[in-house]
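Here is how the chains run, residue by residue.
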Amino acid sequence: MAKTRNNSYKKKAGQAPGTLIYTGEKQSQKLFIEAFDYDENQYTENELSNIEEAFGFKHTNSKTWINLNGLNHIKDIETLGKHYNLHHLVLEDVVNISQRPKIDEYEDYLFIVLKMLYYDKGETIVSEQVSFILGKSYVLTFQESEGDVFESVRDRIRMAKGRVRYMESDYLLYALIDAVVDYYFNIIEVLGDKIEDFETEIFSGNASEDTSKNIQDLKREILRVRRAIFPLREVISRIEKNDNELIQQKTITYFRDIYDHLIQVSENIDIYREMIWSLMDMYMTTISNKMNEVMKVLTIMASIFIPLTFIAGIYGMNFDYIPELQYKYSYFILWGVMIVLFVGMLIYFKKKKWL
Amino acid sequence: MAKTRNNSYKKKAGQAPGTLIYTGEKQSQKLFIEAFDYDENQYTENELSNIEEAFGFKHTNSKTWINLNGLNHIKDIETLGKHYNLHHLVLEDVVNISQRPKIDEYEDYLFIVLKMLYYDKGETIVSEQVSFILGKSYVLTFQESEGDVFESVRDRIRMAKGRVRYMESDYLLYALIDAVVDYYFNIIEVLGDKIEDFETEIFSGNASEDTSKNIQDLKREILRVRRAIFPLREVISRIEKNDNELIQQKTITYFRDIYDHLIQVSENIDIYREMIWSLMDMYMTTISNKMNEVMKVLTIMASIFIPLTFIAGIYGMNFDYIPELQYKYSYFILWGVMIVLFVGMLIYFKKKKWL
Amino acid sequence: MAKTRNNSYKKKAGQAPGTLIYTGEKQSQKLFIEAFDYDENQYTENELSNIEEAFGFKHTNSKTWINLNGLNHIKDIETLGKHYNLHHLVLEDVVNISQRPKIDEYEDYLFIVLKMLYYDKGETIVSEQVSFILGKSYVLTFQESEGDVFESVRDRIRMAKGRVRYMESDYLLYALIDAVVDYYFNIIEVLGDKIEDFETEIFSGNASEDTSKNIQDLKREILRVRRAIFPLREVISRIEKNDNELIQQKTITYFRDIYDHLIQVSENIDIYREMIWSLMDMYMTTISNKMNEVMKVLTIMASIFIPLTFIAGIYGMNFDYIPELQYKYSYFILWGVMIVLFVGMLIYFKKKKWL
Amino acid sequence: MAKTRNNSYKKKAGQAPGTLIYTGEKQSQKLFIEAFDYDENQYTENELSNIEEAFGFKHTNSKTWINLNGLNHIKDIETLGKHYNLHHLVLEDVVNISQRPKIDEYEDYLFIVLKMLYYDKGETIVSEQVSFILGKSYVLTFQESEGDVFESVRDRIRMAKGRVRYMESDYLLYALIDAVVDYYFNIIEVLGDKIEDFETEIFSGNASEDTSKNIQDLKREILRVRRAIFPLREVISRIEKNDNELIQQKTITYFRDIYDHLIQVSENIDIYREMIWSLMDMYMTTISNKMNEVMKVLTIMASIFIPLTFIAGIYGMNFDYIPELQYKYSYFILWGVMIVLFVGMLIYFKKKKWL
Amino acid sequence: MAKTRNNSYKKKAGQAPGTLIYTGEKQSQKLFIEAFDYDENQYTENELSNIEEAFGFKHTNSKTWINLNGLNHIKDIETLGKHYNLHHLVLEDVVNISQRPKIDEYEDYLFIVLKMLYYDKGETIVSEQVSFILGKSYVLTFQESEGDVFESVRDRIRMAKGRVRYMESDYLLYALIDAVVDYYFNIIEVLGDKIEDFETEIFSGNASEDTSKNIQDLKREILRVRRAIFPLREVISRIEKNDNELIQQKTITYFRDIYDHLIQVSENIDIYREMIWSLMDMYMTTISNKMNEVMKVLTIMASIFIPLTFIAGIYGMNFDYIPELQYKYSYFILWGVMIVLFVGMLIYFKKKKWL
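Residues numbered from 1 in each chain as written. Chains lettered and ligands numbered in written order. Predicted model: local features only at pLDDT ≥ 70, side-chain atom pairs only at ≥ 80, totals over all residues. Heavy atoms only, no water.

As named in an unreviewed UniProt entry, chain A is Magnesium transport protein CorA, taken from Flavivirga algicola. Turning to chain A, the UniProt annotation filed under Function (unreviewed entry) states: "Mediates influx of magnesium ions." Check the Sequence similarities (unreviewed entry) section of the UniProt entry for chain A; it says "Belongs to the CorA metal ion transporter (MIT) (TC 1.A.35) family." (UniProt positions renumbered as here; feature names shortened; annotations may be inferred.)

A few words now on the sheet that holds strand S3 (residues 63–69) of chain E. All names here are of chain E. Pairing within the open sheet is mixed, and its seven strands lie in the order S2-S1-S3-S7-S6-S5-S4. Taken across any chain shown, the strands that pair with only one partner, and hence form the sheet edges, are strand S2 (43–48) and strand S4 (102–105). Between one strand axis and the next, the sheet turns through 20 degrees on average, direction left out of account. Across four bridges, the pairing between S4 and strand S5 (residues 110–119) is antiparallel. When the sheet's bridge partners are listed, Asp-104 is paired in S5 with Phe-111. Against the sheet, helix H6 (residues 209–240) makes contact with S4, S5 and strand S6 (125–134), and its axis sits at roughly 145 degrees relative to S5, the strand it touches most. (Pairing = 2+ DSSP bridges. Helix = DSSP H or I, 4+ residues; strand = E, 2+ residues; numbered from the N terminus. Axes fitted to C-alpha atoms, helices over the stretch in contact; angles between N-to-C directions. Contact = heavy atoms within 4.5 Å.)

This paragraph deals with the nonpolar core. Among the nonpolar cores identified, the biggest contains 292 residues, and Phe-150 and Ile-177 of chain A, Phe-150 and Ile-177 of chain B, Phe-150 of chain C together with Phe-150 of chain E are the most heavily contacted of them. Not counting the four nearest positions on each side in its chain, Ile-177 of chain A is found in contact with Ile-112, Leu-114, Phe-132, Ile-236, Phe-255 and Ile-258 of chain A. (Core = buried A, V, L, I, M, F, W, Y, C linked by side-chain atoms within 4.5 Å. Buried < 20%, exposed > 50% of the residue type's maximum accessible area, 1.4 Å probe, protein only.)

Attention now goes to the relation of the copies chain C and chain B. Laying chain C over chain B is done by rotating through 72 degrees and shifting 0.0 Å along the axis; what remains is an RMSD of 0.1 Å. Between the two chains, the operation in question is that of a five-fold axis. Among all residues of chain C, the one whose C-alpha sits closest to the rotation axis is Gly-316 of chain C, at a distance of 4.6 Å. (Least-squares fit on C-alpha atoms with pLDDT ≥ 70 in both.)

Attention now goes to the pattern of salt bridges. A complete count under the given rule lists 90 salt bridges over all chains for this structure. For Lys-102 of chain B, the salt bridge goes to Asp-104 of chain B, with nearest N and O atoms at 3.4 Å. Pair check on accessibility: Lys-102 of chain B and Asp-104 of chain B agree, each one buried. Here Glu-274 of chain E and Arg-273 of chain D are joined by a salt bridge, their closest N and O atoms 2.6 Å apart. Here Glu-274 of chain E is found in helix H7 (residues 249–314), whereas its partner Arg-273 of chain D is found in helix H7 (residues 249–314) on a different chain. In this pair, the class of Glu-274 of chain E matches that of Arg-273 of chain D, namely buried. Beyond isolated ion pairs, a larger network of salt bridges with shared partners links Glu-34, Glu-45, Asp-148, Glu-151, Arg-154, Asp-155 and Arg-158 of chain A. (Salt bridge = Lys/Arg side-chain N within 4 Å of Asp/Glu carboxyl O.)

Residue and element names in this part refer to chain A. The sites that carry the UniProt feature "transmembrane region" (unreviewed entry) are, in the present numbering, residues 297–317 and 329–349. Summarising residues 297–317: 86% helix, 0% strand, and an end-to-end C-alpha distance of 30 Å. Annotated as 95% helix and 0% strand, the span residues 329–349 places its first and last C-alpha atoms 31 Å apart.

In this section: the interface of chain C and chain B. With 67 residues of chain C at the interface, the matching set in chain B holds 65 residues. With both sides pooled, the region where chain C packs onto chain B buries about 5,900 Å², and carbon together with sulfur makes up 61% of that total. At the junction of chain C with chain B, the criterion picks out seven salt bridges. Here Lys-352 of chain B ties to Glu-293 of chain C by a salt bridge, and the two come within 2.6 Å at their closest N and O atoms. Joining chain C to chain B, the criterion identifies 18 residue pairs in polar contact (both at pLDDT 80 or more). Considered class by class, the residues forming the side of chain C that touches chain B number 33 nonpolar, 16 polar and 18 charged. (Buried area = accessible area lost by both parts, 1.4 Å probe. Polar contact = N/O pair within 3.5 Å; in protein donor to acceptor, adjacent residues only side chain to side chain. Nonpolar A, V, L, I, M, F, W, Y, C, P; charged D, E, K, R; others polar.)

It is worth spelling out the confidence of the model for chain A at this point. All names here are of chain A. Here chain A averages 88 in pLDDT, while 95% of its residues score no lower than 70. At the low end of the mean pLDDT range in chain A sits helix H1 (residues 2–12), at 43; at the high end sits strand S7 (residues 138–143), at 95. Note that pLDDT drops below 50 for residues 1–11; the model gives that stretch 29 contacts with residues more than four away or on any other chain. In the model output, the complex is listed with pTM 0.83 alongside ipTM 0.77. (pLDDT = per-residue confidence, 0-100.)

Attention shifts here to the domain arrangement of chain A. One can read the domain layout of chain A as domain 1 (21–285) and domain 2 (289–351). Taking the mean C-alpha position of each, domain 1 of chain A and domain 2 of chain A sit 73 Å from one another. (Domains from an automatic or database assignment.)

It is worth spelling out the relation of the copies chain E and chain C at this point. Each of the two chain copies can be generated from the other by rotation about an axis followed by a shift along it. Superposition of chain E onto chain C requires a rotation of 72 degrees combined with a translation of 0.1 Å along the rotation axis, giving an RMSD of 0.1 Å. Looking at chain E, a mere 18% of its interface residues are interface residues in chain C too, so the copies touch through different faces.

All right, on to the interface of chain E and chain C then. Across the contact, 66 residues belong to chain E and 64 residues belong to chain C. Carbon and sulfur atoms make up 62% of the area that chain E and chain C hide from each other, which totals about 5,900 Å². The tally of links from chain E across to chain C stands at seven salt bridges. Notably, a salt bridge pairs Arg-100 of chain E with Glu-267 of chain C, separated by 2.8 Å at the nearest N-O pair. Linking chain E with chain C are 18 residue pairs in polar contact (both at pLDDT 80 or more), by the criterion used here. Sort the elements by how many residues they give to the side of chain E that touches chain C and H7 of chain E lands first, with 20 residues. Residues of the side of chain E that touches chain C, tallied by class, amount to 33 nonpolar, 15 polar and 18 charged.

Written as structure tokens, this is what we have:
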């Protein structure tokens, strides 16, 4: 992810501002456009084969959701943008995937960017930028590639489940953002599990030298998730306080609900951050404890056998006159002395709780 | 608790917003409803056998407290909510036990969620979500399961002790929240005792390798308590500054009192947090001190006996001509030299304060 | 102090709010009431034998200071409070000694609580709660027990020194609080000395294993002092910005002076906090340095004598044919070689600055 | 850079305020002045040979960009400043290169200072102060020396690419600042790469003793970059909120874009800072791990061979009566015992995972 | 400095507020008063022999600067204060040298206190309190003792250099404060140099056990400087935002300039603080690295010679039947084996990069 981001900077630097450049990596992405057009009584769902088909929905009375996958198709996005009257800076932000979550108000539409996070097969977090245009009776969404978290919203439109069909396009916007935020809970849940795994690993004494690296990786992952999620609070808070007529009073209660969820997610992330710092502390502690144990073994072995070896060395000397050497039971007495020393040492270390 | 929370997320994700789903674990909880109806002169206390019995209390002039235990009974809660005119988002929050303490104002009632903390037998902190609906002449409370901290309030109603009987329903709300906050003091008291125990353990040299784990567990517990308590300050502060007619001017003084208590609790928690960090520091210090001691024993043993062994080795050599070997008193002189060396070493280490 | 606080919580929990309960430990404290009544020209000073004698002072034109020691005399305090028209929550706060410094405005009086800190004989900080009631022409003070910091104020009233006699009761309040804050400077001075002592102890190499514990104790003491002093800034700041007619414009300048002092004290405390953290760092460093020294001694001894012992071992072997053994000067040559090795090692370690 | 800064202080201290003194180091810099004069239809580009040639552009209807390199030419700057009516404090700030990014509003122009950061050949960050004067139809820029990041802007003027030719001078200001901010992305990209390099170095076990020094250097570099970039956010934010008529409404959207970029850069820098702290942690961990490994080798060697040597020492004693010595197979049995001990030790250490 | 401060507290405690007490240590300081009286065309400079001579300047049309050194001369200061109508709290603050930088507005004058920092011969920072009274056409300054940083201002008055002679007294105030702030740059420059010296010391391996103490001393010095400088920002900011007629609009630009300088100084100080923390980290790292090196030497020596000594011990045994002993070339073969072992070990340690 870091690499991608860096490259995306490079592609931009030195360009005239306002130039549309897709800064992501999925250059060969096929263009995919789907359109939902619905009101309380009916709905239609189409995959559009070219961008011009999307123009007709702008002025229908029914609500429309046009979802476009494939930000590398600059031309089509520009065409769509021109038809829907979007500012060129908006289009630029749509295709520049290194945006920070933000909201910009324009005369007849709202522009919202956020990060959709989900787990790709495995445990890699995929961070995909999604842009929303909320107009009078339509919502446009732009995604980098296929695969999203909106399936439940599609189902609700199809089956007329919940309120989505009889409320306005701002409710659709809410439903889509809510789907994104719901997935944030999945993200932090897995992060929490990972932290618990590390703890178990460290306390069970199985921490290897890679552990410290893996903890760092997790810390960075949390930093990245944090960076994707935290600014969104500000965005939602601004929607709440908004007096733009595109957002109806009765929908604001729903956005407040999202806001509450985001605060919950944020608090969890900050707790995880603190726990990660603690993990490093604990890891250091286990290393020190292990070293302590190593040192104890060394000290015990050396403290017991070095004096004994010294005694053996004494009676290995070749002096002509060492009286003990001639005495018949010297050897056995010496063994006795040594065993006493040995046992004494053991008792001493036992008392020091080193054994 | 962590596990529960995670699961609660899972149950929600992908659902249409506004769907009532109980996210806790106590699925088999029996429904329990009690109703207190009282004014200055009389009171009645009933256990209701079905939810419809609770409808009558809405428009009585007397004050009513309806307490419902068992959030898994979605149907009944929905019925009650419909009768008391509650917004479906409120009902959703009531049964979703992963709420953050918060207050929401609606046209004719206030909705407050907070966390009731108490010790289950033993030292496990039970965190149970309690929701309050404050209406004109009634208070509704929703608890996940049996067991609460409201017994003293019930007694005061029964015995007409204190002001609760002749003041309005907002005072009842105050009394209930005050009971919750009073128990927070118990919580932090036990946390404080635990910290002191750890300190004693560490300084008495009894810290085992589990100590670091236990400290981490305590740190996490404090983080969780903090998370349950801190947002409540904001809630109470908003009640204080409120100009809602449901909260009377003279009751606000009492809420200010709760606010003061919450600040006290919060300050204690933050002091505990800092002390926990210090505990880890101290633990590291004791580990280092222990290692120092181990190293000293090793160094003393090795420094004394390795040179002596060398000397013994010298006279164990088999050279044909070593003059000292023939001299009669060599062996005894050597012992003298060795003892002098030994004692010299001891004095040296004594002076270095290693002994 | 911690223990006291905890107990004080316990006594309260589960009580009806508004019940007067003394939460301190000095149950057997004798009641002591003194009254100063003065104006520009005269003053009287009495020890009152019962609480009713204090009632007469309420409506005199002269200024009155009534000081009551002994918070366990609930009854008397209640009687006094009723006469001076105090809210029952105020009385409750007066006798509950776990208050945080705060100010509450009531219709015809101000209620201020703060912590008086002074050194008992020895170096233990005594923290005593003092409550002030500022009325039109009187100040009431409530202390837990005998012994306070107000002697200089009494003297000024007695001797008509300074402005206290010809200014209003708000100036008396100022003089009393100023006396309390002046003693805070003593507190932080002693704390500063303690920190310096620890530094000297650590750097002189005399730090024992208790040092870490003592530093922690000091850290906690600073945290407690901080907690007693910091909220007072807010209190004084609110007095300053007050438009209550009880505080005259010309007295506000004096409260601003107190505020300046509190900022100074607070800054010192925060500097001490940072220095305490540094002390722990330094202590860890000295431990590491000591271990380094221990290791060096071991390494030097082992590195010098292990190789020499090996050489001696070689010529202690019993092979039938070891040519060197027969040569007459072998033994002396070997000694030469060993001495060269020994000196070489010494030079090597000297160069490494281990000696 | 630090040295330069310090010197620059020295040159100033003790001078009358308002004296123009160039505080940088490039004293021998040649004066270079270039002027772009353009409108929608045409443009001219000249290198001016003396400062007076720049006067004519002030009142043309076309837009003008005058860029001056060489702040040591105090005289010329003073002359230009007088003609363009600049406050002497502005001129003083232009030549004093230790400015913090800031914006000052004057009656008929805006004065903006910021830091241009780019990589000199190699990886040294060059920090050069650039001052902007935005007037009605002109922009003046002052740089310390040759070499800047504005080449892309020059090209856009020359080729009438983008909007720069038909928009006002405030858009030119935007384009220039945007070019500076674009290069910040390059800076943080390289910083990010360096951090990754350090991580690889540390985890691959190649960290030398210089690593810690290099990490510190990087930390300081990040601090410096931070200090150059962070205040600029405030500057741009003030431009955005400006109601100065020099900045047109439609240009403000573009400045908001810069602001978004600066927030992105700032967030990255703060993440890098946190990662740098982690790097030091990890480095400490690897040191401890290495020491652990060293100790294990020592302990294994000593624990295996010291007891064996002791046994050999036993049978090297010269007692007249040691029964085992006479038995024919003693030597071989002893070897057996020793091998068993050796293997036993190996198994023991294997089980402890030290091998 | 710490000692002085502490004493200064003591002298005050228990005194009636408003009593003038000099809290510094320079009791025997001679009184020195100088008066500058100037306007655009002329100036006079006198050393006054008694305080009454200063009274005449109050109502002249020309601007006057009266500078008084020697705060122990309470009487004279009181006399001067009475004549210039100063509040007794102001006079008290003038002679109490433990003030925090602050500004107080009175009806017809401004009172400003700040800390003048300069290096006494050597590298000790002298912190002297300077008080400023800005009146309609005069500035009074009070210093503790001789020696100040105002020489350049005196010169500018004498030589009519810069604007000081033809602008009002507020500009004189600016010039004096500017001189003080300019010296702050010298202070932080020397602090920066000290930090660099420590770094060099630590990285060159010359850090002794005193290094940690010296770093702590520097840290405390920085904390003190911080405390002297930081509050001044607030003071200057309040002058800027002032609508007091004593400060003219055109002078405010100059104060904004001082403000910018203070921000620069503050930022540097905060960077130094962070670098000091890093220094301690690095110092710990070097200690650990050294210990690592010591351990490696020990391990290498022990690992090589302990096994060899064991082998020698084997053939020093006195078993009657050890076949190798009789073989003629055994001794030489054994040497070969030992050399192979020795070299093998060296290669092993080389590969582990311990050599």
